[in-house]
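# An overview of the molecular structure
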Amino acid sequence: MIETIGFLLGFGFSVLVYVRSIRTADLSWQKKAVYSLFTFIGITGTVFLAGVLVAHALREYGVL
């Protein structure tokens, strides 16, 4: 459950970054596509892995 929340938060933040900065940038569509892909992978992956780490730690300590 925590992992899913982390993934959705990361995905939502990636969309926010795209809408607020990449979409409005004065770049070619190819650069926007590459930046969007790297942003999606980087932000979503990082927040998802942080959620996995938190869930693992909570299971280790017996909270979950």
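See the structure above.
Each value, and the rule that gives it
- Residues numbered from 1 in each chain as written.
- Predicted model: local features only at pLDDT ≥ 70, side-chain atom pairs only at ≥ 80, totals over all residues.
- Heavy atoms only, no water.
- Helix = DSSP H or I, 4+ residues; strand = E, 2+ residues; numbered from the N terminus.
- Rg over C-alpha atoms; globule rule 2.2 N^0.38 Å.
- Buried < 20%, exposed > 50% of the residue type's maximum accessible area, 1.4 Å probe, protein only.
- Contact = heavy atoms within 4.5 Å.
- Areas by Shrake-Rupley, 256 points an atom, 1.4 Å probe, with all protein chains shown as cover.
- Phe/Tyr/Trp six-rings, centres within 6.5 Å; stacked < 30°, edge-to-face > 60°.
- Expected span 1.5 Å × (residues − 1).
- Arc of directions from axis to C-beta.

The helix and strand inventory of the protein stands at two helices and zero strands. What you see for the protein is a C-alpha radius of gyration of 15 Å, clearly larger than the 11 Å of a compact globule of 64 residues, by over 25%. Dimensions of the protein, computed from the C-alpha atoms along their principal axes, are close to 50 × 15 × 10 Å. For the protein, with 64 residues in total, the buried portion stands at 16%. Of the contacts made within the protein by residues no fewer than 6 positions apart, 70% connect residues no fewer than 24 positions apart. Summed over its atoms, the accessible surface of the protein is roughly 4,900 Å², and 73% of this surface lies on carbon and sulfur atoms.

Let us now look at the packing of aromatic side chains. What the rule picks out here adds up to three aromatic pairs. Aromatic side chains F7 and F48 sit 6.4 Å apart centroid to centroid with 90° between the ring planes, which places their arrangement in the edge-to-face category. Here F48 lies in helix α2 (residues 29-60) and F7 lies in helix α1 (residues 2-22), a separation of 41 residues in the sequence. Taking the centre distance of 5.5 Å and the plane angle of 90° together, the rings of F11 and F40 count as edge-to-face. Here F11, found in helix α1, pairs with F40, found in helix α2; they are 29 residues apart in sequence, far enough to count as distant.

This part is about α1. Quick reminder: α-helices carry 3.6 residues per turn. Residues three or four places apart thus point the same way. Taking 1.5 Å per residue, 21 residues should reach 30 Å; α1 reaches 28 Å between its end C-alpha atoms and fits that length. Inspection of α1 places E3, G6, G10, S14 and I22 among the buried residues, and these make up the whole buried set. Looking down the long axis of α1, one finds its buried residues gathered within 75° of arc, a one-sided arrangement. Seen from the open side of α1, the exposed residues pointing more than 90 degrees away from its buried face are L8, L9 and R20. Tucked inside the fold, the buried residues of α1 contact α2.

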